[in-house]
Amino acid sequence: MNNDKKPNYNFVWFYAALLGIILLFNAFLVPNFEKKKTTEVGYGTFVQMLKNKEVSSVDIKENKISFKTNKKDDKNMYITGKMEDPNLVEELEKSGAKYGKEIPSENTPIFYFIMSWVLPFLIIWMIGRFLIKNMSKKMGSGGGMMSFGKSNAKLYVKSTGVSFSDVAGQDEAKEALTEIVDFLHAPEKYTSIGAKMPKGALLVGPPGTGKTLLAQAVAGEAKVPFFSISGSEFVEMFVGMGASRVRDLFKQAKEKAPCIVFIDEIDAIGKKRDTNFGGNDEREQTLNQLLSEMDGFEDGIGIVILAATNRPDSLDNALLRPGRFDRRIPVELPDLKGRESILEVHSKNIKKSDDIDFNQVARATSGASGAELANIVNEAALRAVRLGRSTVMQEDLEESVETVIAGYQRKGAVINEKEKRIVAYHEVGHALVAAAGKHSAPVHKITIIPRTSGALGYTLQVEKDEKFLMTKDEALDNITTYTGGRAAEELIFNTKTSGASNDIEMATKIARSMVTRFGMDDNFGMVALETVNNRYLGGDTSLACSPETSSIIDKTVIEIVKNCHERAINILRENEEKLHEISEYLLKNETITGEEFMDILESKYIITSNPNSETEAKENTVEEEQNNEEEKSI
Ligand code: ADP
Ligand code: MG
Ligand code: ZN
């Protein structure tokens, strides 16, 4: 079947509407013109009126006579049938009426023609113009009426100018894509041996990890044209538009093969087709068109389809079967080394001073995506310019990490002394408890400078190296650290502030995961009580257990957090002197570094053992084996 000859249903509707309007005009409006002004009378009446000299003008036509009366208030036109009446002229003469074969009437055939045929066309044309104008504004492409549902826009770029070296980290993804590049270079190598290249590959990962960038890099490396379209472009389109857009895309791609066709955010059109709600016709049509296009071109023609998504589990199975997107390439958040090299790639063209330590920045940004790291580098450069420097220094980078995490400093914010005290003790509470935890990351910085995010202060912990696992002890230490802020408030000020809300949220989250997903509670053991829904987008969970179990989970979670909280209070109580000392220092300086913190702490420091922990706590300062950066903000 030739897809290009498929009838365009938009046009069918268009013509049907046009016809309807014309018929309407002819059936009602035009006859009404005549009806309003004409009255039929008998020939006898006409003759009688002539005799009474009531007629002003007479118009004799082929088969009827129309006339007007001379009564002032009667503007009607009268008509009567024409008779073979030899006396007519005589009667007319006598009546004194004007008469003739024809009176020029304003209602000529031309007038009727215009009214019934030209006017509807004109109206429709104007409505059409208006709609198309609006629509093309939405689609961002021009086009007249005849491009209804078609895009004349050029959908491709000859060369993306991006290469694999622009994509830092992501070595596994690059390796998987190298084969595709090779295939586009020399398809014969593959076809001659009888191998079929995968038609499509799906790049899967969280937002900002470089999926779009990788697709561009494949096209750039292979030096082939790059067609791209985003799933979200199909949203809000007229019925049938999405499908014809896909048709267009593949038609152009076939002409330009070998090439890459990239469908970004494919989940917008590739969602599972379900019958529950009657489905979404437009999206399904678009998806069906995409599927049939993918089947429609032969292997070896040299078109490789790449698609990107961060919601792989919502994709329709038909998309994922062999012969379509049968390759799945994970594009995960960068690890320590990846982050370091992303920072390097993005600061290639930036003037740096010698003190720059990307490793340190990378350690402080665990969990950051490539896009966020690129942003950090740029923020640092902007800060250097603001401060009138010509090179970017380490402090710019560190400050911009904090800017990205917690927002800009609110220099002008006025916080009263009492609140400032509470904030200082709260943060030092976190820091002291973290230092006591054998498994907590070292404190890197404590600050009580308010941020635009609403944080009034925070404690930054930076891990020594990347960590991929979390042990039960580490989880408990993390929770204890989160409760440290509130513990200080209670211990010193005998109060509870709203500043701990974020800490509470985080502590609960960890405790809950321990029970429901990590199997760290002995009562439940290795039972999955919760499932993660969308691991690339926030990773919210849904409960997979009975209401009774759920209430036991709640009790267990409360118990865990409570124990950690008590432990935090004990740690602070035993180190109350240090708490005062460091807090006063912080109040004076607003920001203290990890080293300063450790210097004050250095002397006798007592650590309380964790009641939940299986490990013996010992007298110690800060332990080495921490990884993830954590931030406890009030
Ligand atoms: P995604 O499509 O996965 O959401 P993008 O490819 O659009 O993310 O990435 C956005 C920006 O982030 C890129 O333009 C690039 O500047 C930066 N970026 C992301 N990942 C990387 C990476 N691995 N290497 C270099 N830059 C990256
Ligand atoms: Mg993208
Ligand atoms: Zn806090």
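Residues numbered from 1 in each chain as written. Chains lettered and ligands numbered in written order. Predicted model: local features only at pLDDT ≥ 70, side-chain atom pairs only at ≥ 80, totals over all residues. Heavy atoms only, no water.

Participant: What's the story with the overall build of the chain in this structure? I'm lost.
Facilitator: Across its full length, the chain carries 21 helices and 17 strands. Taken across its 634 residues, the chain has 47% of its residues classed as buried. Pairs at least 24 apart in sequence give 74% of the contacts found in the chain among residues at least 6 apart. Taken as a whole, the chain presents about 32700 Å² of accessible surface, with 54% of it coming from carbon and sulfur. (Helix = DSSP H or I, 4+ residues; strand = E, 2+ residues; numbered from the N terminus. Buried < 20%, exposed > 50% of the residue type's maximum accessible area, 1.4 Å probe, protein only. Contact = heavy atoms within 4.5 Å. Areas by Shrake-Rupley, 256 points an atom, 1.4 Å probe, with all protein chains shown as cover.)

Participant: Help me out: how do you make sense of the coordination of the zinc ion (ligand 3) in this one?
Facilitator: Octahedral six-donor coordination of a metal ideally yields angles of 90 or 180 degrees, compared with 109.5 degrees for tetrahedral four-donor coordination. Only H426 (NE2), H430 (NE2) and D503 (OD) from the protein coordinate the zinc ion (ligand 3), and they sit 2.0 to 2.1 Å from it. Classification of H430 as buried rests on a relative accessible area of 0%. (Donors = N, O, S within 2.8 Å, 3.2 Å for Na, K, Ca; no water.)

Participant: Looking at this structure, I do not really get the packing of helix 17 (residues 472–493) against helix 18 (residues 501–516). What am I missing?
Facilitator: The description of two helices packed together rests on the angle between their axes and the distance between the axes. Helix 18 packs onto helix 17 with a crossing angle of 160° between their chain directions and a minimal axis gap of 9 Å. On the basis of their axis angle, the class for helix 17 and helix 18 is roughly antiparallel. Read as a crossing pair, helix 17 and helix 18 show a hand that is left-handed. Residue-level inspection shows K472, A475, L476, N478, I479, Y482 and R486 of helix 17 in contact with helix 18, the latter providing D503, I504, M506, A507, I510, A511 and M514. Of the residues belonging to the contact of helix 17 with helix 18, the class tally is 10 nonpolar, 1 polar and 3 charged. (Axes fitted to C-alpha atoms, helices over the stretch in contact; angles between N-to-C directions. Parallel < 35°, antiparallel > 145°, perpendicular 65-115°, else oblique. Left-handed = near helix turned anticlockwise from the far one by under 90°. Nonpolar A, V, L, I, M, F, W, Y, C, P; charged D, E, K, R; others polar.)

Participant: Sorry, what's going on with the sheet that holds strand 10 (residues 303–309) here?
Facilitator: In sheet architecture, strand pairing relies on hydrogen bonds along the backbone and comes in two forms, parallel and antiparallel. With mixed pairing, 6 strands are arranged side by side in an open sheet as 6-8-9-10-7-11. Across the chains shown, the open sheet's two edge strands, defined by having one partner strand only, are strand 6 (156–157) and strand 11 (327–330). Examined bridge by bridge, strand 9 (residues 259–264) and strand 10 share 5 bridges and lie parallel to one another. When the bridges of strand 10 are listed, C259 appears paired with I303. (Pairing = 2+ DSSP bridges.)

Participant: What is the right way to read the sheet that holds strand 5 (residues 98–100) from this model?
Facilitator: Taken in spatial order, the 5 strands of this open sheet run 1-4-3-2-5, and their pairing is mixed. Edge positions in the sheet fall to strand 1 (38–40) and strand 5, since each of these pairs with one other strand and no more. The average undirected angle you get between the axes of adjacent strands in this sheet is 20°. Pairing of strand 1 with strand 4 (residues 77–81) involves 3 bridges; the strand directions are parallel. Within strand 4, the position partnered with E40 by the bridge is I79. Contacting strand 2 (55–60), strand 3 (64–69) and strand 4, helix 2 (residues 43–51) crosses the sheet at an angle of about 40° to strand 3.

Participant: Looking at this structure, how should I read the packing of aromatic side chains?
Facilitator: The way to describe two aromatic rings as a pair is by their centre distance and the angle between their planes. Taken as a whole and judged by the stated rule, the model has 6 aromatic pairs. Aromatic pair F46 and F67: ring centres 4.7 Å apart, planes at 40°, arrangement tilted. Taken as a pair, F46 in helix 2 and F67 in strand 3 lie far apart in primary sequence, 21 residues in all. A relative accessible area of 0% places F46 in the buried class. For the ring pair F226 and F262, a centre distance of 5.8 Å and an interplane angle of 25° mean the geometry is stacked. Of this pair, F226 sits in strand 8 (residues 226–230) while F262 sits in strand 9; the two residues are 36 residues apart in sequence, bridging distant segments of the chain. F262 carries the same exposure label as F226, and that label is buried. Pairwise contacts between aromatic rings join Y43, F46, F67 and Y78 into one cluster. (Phe/Tyr/Trp six-rings, centres within 6.5 Å; stacked < 30°, edge-to-face > 60°.)

Participant: Help me out: how do you make sense of the site of ligand 1 in this one?
Facilitator: Within the structure, ligand 1 sits among 15 residues, and A168, G208, K211, T212 and H346 are positioned closest to it. Between ligand 1 and G210, the relevant distance is 3.1 Å, taken from an oxygen atom to a main-chain nitrogen or oxygen of the residue. Between ligand 1 and T212, the relevant distance is 2.6 Å, taken from an oxygen atom to a side-chain nitrogen or oxygen of the residue. Protein contacts shield 78% of the accessible area of ligand 1, which totals 560 Å² for the unbound molecule. When contributions to the shell around ligand 1 are tallied by element, the ones reaching two or more residues are helix 7 (211–222), helix 12 (336–346) and helix 14 (370–386). No other element matches helix 7, which puts 3 residues into the shell around ligand 1. Among the residues forming the shell around ligand 1, the class breakdown is 6 nonpolar, 7 polar and 2 charged. (Near = heavy atom within 4 Å. Polar contact = N/O pair within 3.5 Å; in protein donor to acceptor, adjacent residues only side chain to side chain.)

Participant: Help me understand the packing of helix 8 (residues 241–256) against helix 10 (residues 281–296) in this model?
Facilitator: One way to put it is that helix 8 packs onto helix 10 with a least axis distance of 7 Å and a crossing angle of 20°. If you check the angle between helix 8 and helix 10, you find them roughly parallel. As for how helix 8 packs across helix 10, the hand of that crossing is right-handed. Mapping the contact onto sequence places M241, G242, A243, V246, R247, F250 and K254 in helix 8 and E282, Q285, T286, Q289, L290 and E293 in helix 10. For the contact of helix 8 with helix 10, the per-class residue count stands at 5 nonpolar, 4 polar and 4 charged.

Participant: What am I meant to see in a nonpolar patch on the surface here?
Facilitator: On the surface, a nonpolar cluster with roughly 910 Å² of combined accessible area is contributed by I110, F113, I114, W117, V118, F121, L122, W125 and M126. Tracing the sequence through the fold places F113 in helix 4 (residues 109–139). (Patch = residues over 30% accessible without salt bridge, like charges linked within 9 Å, V, L, I, M, F, W, Y side chains within 5 Å. Salt bridge = Lys/Arg side-chain N within 4 Å of Asp/Glu carboxyl O.)

Participant: I would appreciate a short explanation of helix 17 in the present structure.
Facilitator: Count 3.6 residues to each turn of an α-helix, and residues three or four apart come out pointing the same way. Spanning 22 residues, helix 17 covers 32 Å between terminal C-alpha atoms, matching the ideal 32 Å at 1.5 Å per step. Along its length, helix 17 shows its largest kink, about 40°, at G484. Buried residues dominate helix 17, accounting for 18 of its 22 residues. N494 lies just past helix 17 and shows a positive phi near 50°. (Expected span 1.5 Å × (residues − 1). Bend = angle between axes of the 7 residues up to and from the residue.)

Participant: Sorry if this is basic, but what is going on with the pattern of salt bridges here?
Facilitator: Two side chains bearing opposite charge may form a pair once their charged atoms approach each other closely. Summed over all chains, the structure comprises 22 salt bridges. R512 is the partner of E530 in a salt bridge, and the nearest nitrogen-oxygen pair spans 3.0 Å. Taken together, the residues span a long stretch of sequence, with E530 in strand 14 (residues 530–532) and R512 in helix 18 at a distance of 18 residues. On the basis of relative accessible area, E530 is assigned to the buried category, the value being 9%. Its relative accessible area of 21% is what places R512 among the partly exposed residues. Within this structure, R383, R389, E395 and D396 form a network of salt bridges that share partners.

Participant: Before we go on, may I ask you to explain the pairing of strand 2 in this structure?
Facilitator: Walk down a regular strand and you will see the side chains alternate between the two sheet faces. Of all 6 residues that make up strand 2, 5 are buried, and the element is covered over most of its length. Of the pairings in the sheet, the one linking strand 2 to strand 3 comprises 5 bridges and is antiparallel in character. Bridge assignment links I60 to a residue of strand 3, and that residue is I65. Counting the residues in the hairpin turn of strand 2 and strand 3 gives 3 residues. Here 3 bridges tie strand 2 to strand 5, and the two strands are oriented parallel to one another. Paired with S57 across the two strands is K98, which belongs to strand 5.

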